[in-house]
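Tertiary structure, described
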Amino acid sequence: MATAASLLLSLFIWPLLTRPAFAFLDRGDTYRRKVSLELNPGLNSSHTAPLGVINLLHVRATGNNDTLHFIFCSQGAPAVLLVHTNSSSSSLKVDWLKFLSGNLSGSLKIEPENSVHYSSALVFTRLWEYDDVNDTADPTHLPPSSFFPPYELQNFTWEDLNRTLNYTTHTAQLCGKGPTESFHNGSFCLGFSAFESEGRGPTWPRLLHNANASQVRFWLKGVTGRSGFSRFVLELQHIDSKELSSQVETLRSIDDEYTPSIFQVSQWVFSPINSTSPILGYVQWKPVAYRTESPVLNDATPCRHSHLMPMDQLPASDLFLAYFGDGYSAHGLNVTFSIAGDPFYNATDYLSWTVLVGLGSPPTESFSALVIGIMALGLGIPLVLILLGGVFVCVRKQRSVPQGYEPIN
Amino acid sequence: REWALSDTDISSERQSLMDGEGDSFTSRDGGSSNSMLAICDPTRLAHRFVVLLLMCFLGFGSYFCYDNPAALQTQIKQDMELNTSQFMQLYAWYSWPNVVLCFLGGFLLDRVFGIRLGTVIFSILVCVGQVIFAAGALFNAFWLMVFGRFVFGIGGESLAVAQNTYAVNWFKGRGLNLVFGLQLSMARLGSTVNMNVMGLVYHRIWDWRGSTGYSTLGVVLMIASATCVFSLACAVILGYLDKRAERLLNKEEGKTGEVIKLSDVKDFPPSLWLIFIICVGYYVAVFPFIGLGQVFFIEKFNFSPAEASAINSVVYIISAPASPILGFMVDKTGKNILWVVMAVVVTLASHMMLAFTFWNPWIAMSLLGVSYSLLACALWPMVAYVVPEHQLGTAYGFMQSIQNLGLALISMAAGGILDSRGYLFLEVFFCAFVCLALVAVVVLYFLNLIRGKGENWNVIILEPFNSHFLF
């Protein structure tokens, strides 16, 4: 009797408990794109280059009947431009004369222009550093005197992207140094990756990406903090082609397999103001940063983001100005690293954070096959045993039914 | 076996508790007992009440200090710069000596030291172990901390055996169940107080010293060792009172009466092995979880450290009142296996709730507390039913030995899993072990049904609740 009760209980509870978990079962995104990279397309020696290198990486990800263009450029402030066209033969045209001479407007085009469905740009504008003497890790409540002059990324000198470009893994690394002494032995780096299909990054936070996403990993290595209690804040800005509403949300996630002890996902989504329309693009990250290159659990430090702020001035990214021209607005976001009680930057002189920039809805986490397998076995075997045992016992009872009369005592 | 009583013994026991007089003690001089104060007379209730108090506090220090790592997880990991795998060694090394000591505890207390000296020795070991643990923190030497836990473990489990032997010796036939219940409650009170208080103590010391770091941790752990000193004092006084009672009443020194014969292992029936599997599978999903629980609640459910500690102690808080009540219920209905099934299923549900949902964890932890108490009341008496009396000592010793082995191994595995794959995978890992216990209990149920042994488990076992990990 009580077995039946327990059986019913378990059969009842399991769907109830696993309904939220079912959302995490892998639906399998099998969409693939063909990715090709080219650096500085159309640039030849006849174009007089200004001081420094030109780093304009064009990634072309072709799908069945659409193309996704990622343009990663370090002119001005480093930026990632995402353009989605509904033709599989769209291409990038750069007017280098205009682009290099400073007359930026219209110097970058995706042709044919009427095939452009969606475009947006994410710009890394500033790196703030503040003196956290009281160890609160809360820059919003600190006086302006705690803040050091910010590093304007448009004033950084960047290394040649050609040396770190990898055509097989579709990755590139952009490292630069600021104008001050702090960057004597260190650099500010952005690692760009494009993907052909669904997968996960190799190192923490192992963000789940698909063919419609690209990943930008930011890290500071060897940069000297300007005080013994330095902490950093990274400022990002985002511009869109239409009047879209952008909002930042932090979702709870029960799966922390790939980012141990982090149960949240933050995403900055852009959708038309008519809210029933689907999400057109996103910037997604896990609110965690790492303090060493090969981090262990102790090296994880949570990060927080500020509210979206409409920006008065447009970012000084050449890429943005070249493609979008005038008449667009930007929203800014500050990402604050570390919380009160965590070690300061100078404990390891290293900080890294990863963000995903992509088209459509942001990817949702799913359980790994191992977790699903263990739970299936763990719950299935007892149920099977109960069923088999119950059947066996019933059969035995049937067989031992007396053949007509009761035995006399 | 002299410790197994039937229903009639229990009712006569209740009656004799009312009388306050026992028939197992005889006084040397029938008249002289009247001239002493009630509190000094070993035959009178007042004196036995004092002895009861001392017995209860005997284990307080050990239980208080056992879960110090869980209460100070963040601080220990930060101050000693440990990862979770190293942190869990503090628990694993408590269990390692007890894999062997479970078999030796009774022997040491009966033949080598005697109950009185043995209790004092084990109390000293508990005290010394905790002091070494604290010293390790003071000198920033993690190996010393682990060694301290090892010494603490040698003393802790054997002290529980001694505590129970005292209880039987003084209270057999006079409310022994009640005494066990009280001892259990005091023990779990110690665990609960530890969980809720140590974080605050650390904060106070931090404020006072103005800095954090391993020396602050060392000071805090030294303060915790004061409870062990207190328990040691109780052990000494108890030893004196026991010796005095022996002199006045001409009674025997208490014996555990445990007989361990390792050759009996080959005679163990399959039901007993299934019970062992249930025991291991279940307890490795509870104690390591509590050890790592505080940070889990902070990270996943955004609790404050104080709240996370409170919810971590819920299992112990519930266990204190629930165990006697559930024990009574299990005794009355007699259907132990079904209660074990229910306890395992509820624990599985609780772990799945914590893993796969964001539902309020108070629910899951309360369920875990109730099912944990239920399992203890239902599972351990089952051993007496499947094994003949003369093998009971060996069977229980084996069960505790395997339990400690499982705890030692899984504690370290849990730490490693958390470091590499996070809390969800850790919870799934625990669920897998509870499922193992579920498989074992289902097989046991059908085995029992097929063999037609019936479901009358109405045997009440009192003595061998010797393990820290039992209640």
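The rules we used
- Residues numbered from 1 in each chain as written.
- Chains lettered and ligands numbered in written order.
- Predicted model: local features only at pLDDT ≥ 70, side-chain atom pairs only at ≥ 80, totals over all residues.
- Heavy atoms only, no water.
- UniProt positions renumbered as here; feature names shortened; annotations may be inferred.
- Contact = heavy atoms within 4.5 Å.
- Buried area = accessible area lost by both parts, 1.4 Å probe.
- Salt bridge = Lys/Arg side-chain N within 4 Å of Asp/Glu carboxyl O.
- Polar contact = N/O pair within 3.5 Å; in protein donor to acceptor, adjacent residues only side chain to side chain.
- Helix = DSSP H or I, 4+ residues; strand = E, 2+ residues; numbered from the N terminus.
- Expected span 1.5 Å × (residues − 1).
- Buried < 20%, exposed > 50% of the residue type's maximum accessible area, 1.4 Å probe, protein only.
- Disulfide = S-S within 2.5 Å.
- Axes fitted to C-alpha atoms, helices over the stretch in contact; angles between N-to-C directions.
- Parallel < 35°, antiparallel > 145°, perpendicular 65-115°, else oblique.
- Left-handed = near helix turned anticlockwise from the far one by under 90°.
- Nonpolar A, V, L, I, M, F, W, Y, C, P; charged D, E, K, R; others polar.
- Domains from an automatic or database assignment.

Chain B is annotated in an unreviewed UniProt entry as Lysosomal dipeptide transporter MFSD1 from Paramormyrops kingsleyae. For the record of chain B, the UniProt heading Sequence similarities (unreviewed entry) holds the text "Belongs to the major facilitator superfamily."

**Examining the interface of chain B and chain A**
On the side of chain A, 43 residues touch chain B, which itself brings 42 residues to the contact. Of the roughly 3,400 Å² buried at the junction of chain B and chain A (both faces included), carbon and sulfur atoms supply 75%. In terms of surface lost to chain A, no three residues of chain B exceed Phe-356, Phe-358 and Leu-424 of chain B, which account for 18% of the buried area on that side. Counting the contacts that link chain B with chain A gives 1 salt bridge. For Arg-421 of chain B, the salt bridge identified is with Glu-257 of chain A, shortest N-O distance 3.5 Å. Remark: the boundary between chain B and chain A carries 4 residue pairs in polar contact (both at pLDDT 80 or more).

**Observations regarding helix 2 (residues 45-58) of chain B**
Residue and element names in this part refer to chain B. Taking 1.5 Å of rise per residue, the 14 residues of helix 2 would be expected to cover 20 Å, and the 20 Å separating its terminal C-alpha atoms lies within 8% of that figure. Within the sequence span of helix 2, burial applies to His-47, Arg-48, Val-51, Leu-52, Leu-54, Met-55, Cys-56 and Leu-58. The elements touched by buried residues of helix 2 are helix 3 (60-66), helix 7 (115-138), helix 8 (142-171), helix 9 (176-209) and helix 10 (214-249).

**Some words on the state of the cysteines**
Summed over all chains, the structure comprises 1 disulfide over all chains. Across the disulfide, Cys-175 of chain A is cross-linked to Cys-189 of chain A (sulfur-sulfur distance 2.0 Å). Where Cys-175 of chain A bonds to Cys-189 of chain A through sulfur, the torsion about that S-S bond is close to 110 degrees, and the disulfide is right-handed. With Cys-175 of chain A in strand 10 (residues 171-177) and Cys-189 of chain A in strand 11 (residues 187-194), this pair connects stretches of sequence that are 14 residues apart. The same class applies to Cys-175 of chain A and to Cys-189 of chain A, which are both buried. Looking at Cys-228 of chain B, it has no disulfide partner, and the nearest cysteine sulfur is the one in Cys-65 of chain B, 3.4 Å off.

**Focus on the pattern of salt bridges**
Pairing between side chains becomes possible if they bear opposite charge and their charged atoms approach one another. Residue and element names in this part refer to chain A. One pass over the full model with this rule turns up 15 salt bridges over all chains. With its nearest N and O atoms 3.0 Å apart, the salt bridge here joins Glu-129 to Arg-226. Residue Glu-129 is found in strand 7 (residues 116-131), and its partner Arg-226 is found in the loop between strand 14 (213-221) and strand 15 (230-240); the two are separated by 97 residues along the sequence. Residue Glu-129 is classed as buried on the basis of its relative accessible area of 0%. With a closest N to O distance of 3.2 Å, Glu-365 and Lys-286 form a salt bridge. A residue pair is termed long-range when its members are at least 10 positions apart, and Glu-365 in the loop between strand 23 (350-359) and helix 4 (369-399) and Lys-286 in the loop between strand 18 (281-285) and strand 19 (288-290) qualify at 79 residues.

**Here's the deal with the packing of helix 6 (residues 84-112) of chain B against helix 12 (residues 287-301) of chain B**
Residue and element names in this part refer to chain B. Viewed as axis vectors pointing N to C, helix 6 and helix 12 meet at an angle of 125 degrees, and their least axial separation amounts to 11 Å. In terms of orientation, helix 6 lies oblique with respect to helix 12. The two elements helix 6 and helix 12 cross, and the hand of that crossing is right-handed. Residues Thr-84, Phe-87, Met-88 and Tyr-91 of helix 6 form the contact with helix 12, whose participating residues are Pro-288, Gly-291 and Leu-292. Considering only residue class, the contact of helix 6 with helix 12 consists of 5 nonpolar, 2 polar and no charged.

**Examining the UniProt feature "domain: Major facilitator superfamily (MFS) profile" (unreviewed entry) in chain B**
When the UniProt feature table is mapped onto this chain numbering, "domain: Major facilitator superfamily (MFS) profile" (unreviewed entry) sits at residues 48-451 of chain B. Note that residues 48-451 of chain B is 86% helix and 0% strand, and that its end C-alpha atoms are spaced 46 Å apart.

**Structural notes on the domain arrangement of chain B**
Residues and elements named next belong to chain B. For chain B, the assigned domains are domain 1 (1-8 + 32-257) and domain 2 (259-471). Placing a centre on the C-alpha atoms of domain 1 and another on those of domain 2 gives a separation of 22 Å. Taken together, the contacts link 45 residues of domain 1 with 52 residues of domain 2. Between domain 1 and domain 2, a total of about 4,400 Å² is buried, with carbon and sulfur atoms accounting for 60% of that surface.

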